[in-house]
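# Fold and geometry: a report
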Amino acid sequence: MCGIAGIIGQQPLAPATLEAMLAALRRRGPDAKHVIGWDTQGQRVEAQPNVALIHTRLAIMDPRPEADQPFSNDDGSIWLCYNGEVYGWQQHADELRRQGVQFKTHADTEFILSGYEAWGLEGLLPKLRGMFAFAILDWNKREVFLVRDRMGLKPLIYTTANGGLAFGSLVRSVLPAL
């Protein structure tokens, strides 16, 4: 199982907040741990970002570093932070391949991101069967989407406290943002 978290703040985020959110997820994903942050203009920054995505990975489908998350499209304008499993995604990936999409990984993570780019969220959601929770950060639209499976098998906790948005796989991963 993986762990996801993120925060969108009006003020720059303290590195200690991001570290505490990551630390709360460590047991959910021992194989890779990443925090990626951006300023309000969408530029990647290392220290005191306003927006951050956090992921701890349990590498099962494609253990290569190319499949690590947060995962982005080629130009870095759309990012995905994902936990779970989508069943039968390969059949829909074939549809994307026929449209010219070239996959670099063998993971449903890349399928979700590519599907979002090709079909939008409304076109992607009906194709997703499984247990999952994810966040899509779309810098082109300046929107973030939080999605979980229909049965809620993968948790997704969120709050809009302090004028921003914080989310995570665990309550304790969201608490440092309060």
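Okay, so let's go over this structure.

Reading the values: rules and limits
- Residues numbered from 1 in each chain as written.
- Predicted model: local features only at pLDDT ≥ 70, side-chain atom pairs only at ≥ 80, totals over all residues.
- Heavy atoms only, no water.
- Axes fitted to C-alpha atoms, helices over the stretch in contact; angles between N-to-C directions.
- Helix = DSSP H or I, 4+ residues; strand = E, 2+ residues; numbered from the N terminus.
- Parallel < 35°, antiparallel > 145°, perpendicular 65-115°, else oblique.
- Left-handed = near helix turned anticlockwise from the far one by under 90°.
- Contact = heavy atoms within 4.5 Å.
- Nonpolar A, V, L, I, M, F, W, Y, C, P; charged D, E, K, R; others polar.
- Core = buried A, V, L, I, M, F, W, Y, C linked by side-chain atoms within 4.5 Å.
- Buried < 20%, exposed > 50% of the residue type's maximum accessible area, 1.4 Å probe, protein only.
- Arc of directions from axis to C-beta.
- Salt bridge = Lys/Arg side-chain N within 4 Å of Asp/Glu carboxyl O.
- Pairing = 2+ DSSP bridges.

### Quick word on the packing of helix α2 (residues 89–98) against helix α3 (residues 108–124)
The axes of two packed helices give the description: the angle between them and the distance between them. It is the contact of α2 with α3, at a shortest axis distance of 10 Å, that shows an interaxial angle of 45 degrees. By the angle between their directions, the pair α2 and α3 is classed as oblique. When you trace α2 past α3, the crossing you get is left-handed. Between α2 and α3, the contacting residues are W89, H92, A93, E95 and L96 on the first element and D108, F111, S114, G115, A118 and W119 on the second. Looking at the contact of α2 with α3 residue by residue, the classes come out as six nonpolar, three polar and two charged.

### Considerations on the nonpolar core
F111, I112, L128 and F134 are the most contacted members of the largest nonpolar core, which totals 22 residues. If you tally residues by element for this core, the top one is α3, at seven residues. If we ignore the near neighbours within four places in the chain, the residues touching I112 are L80, Y82, V86, L124, L128 and F134.

### Describing α2
Those residues of α2 that sit buried are W89, H92, A93 and L96. Projected onto a plane normal to the axis of α2, the buried residues spread over an arc of 105 degrees and lie on a single side. Facing away from the buried side of α2 by over 90 degrees, the exposed positions are Q91 and R98. The elements touched by buried residues of α2 are β6 (78–86) and α3. Backbone geometry just after α2 places G100 at a positive phi near 100 degrees.

### Considerations on the pattern of salt bridges
What the rule picks out here adds up to four salt bridges. With its nearest N and O atoms 2.7 Å apart, the salt bridge here joins K104 to D74. Highlighted residues: K104 in the loop between α2 and α3 and D74 in the loop between β5 (71–72) and β6, separated in sequence by 30 residues. R97 is the salt-bridge partner of D94, the closest N and O atoms lying 2.8 Å from each other. In this pair, D94 and R97 are both assigned in helix α2, three residues apart and thus about one turn of the helix distant. Residue class for R97 comes out partly exposed when judged on its relative accessible area of 40%.

### Looking at the environment of I157
Following the sequence through the fold, I157 ends up in strand β9 (residues 157–159). A relative accessible area of 30% means that I157 is categorised as partly exposed. Apart from residues lying up to four places away in sequence, I157 is in contact with A166, F167, G168, S169, L170, V171 and V174.

### As for the sheet that holds β5
Spatially, β5-β6-β7-β8 is the arrangement adopted by the four strands of the open sheet, whose pairing is antiparallel. Each end of this open sheet is capped by a strand with a single partner; those strands are β5 and β8 (143–148). Where β5 and β6 come together, two bridges link them in antiparallel fashion. In the sheet register, F71 faces β6, and the bridge partner there is L80.

### Examining the pairing of strand β2 (residues 32–38)
Pairing of β2 with strand β4 (residues 51–57) involves seven bridges; the strand directions are antiparallel. Counted as the bridge partner of K33 is T56 from β4. The pairing of β2 with strand β3 (residues 44–45) spans two bridges and is antiparallel. Counted as the bridge partner of G37 is V45 from β3. Here β2 hands over to β3 after five residues, with G42 in that stretch at a positive phi of 90 degrees.

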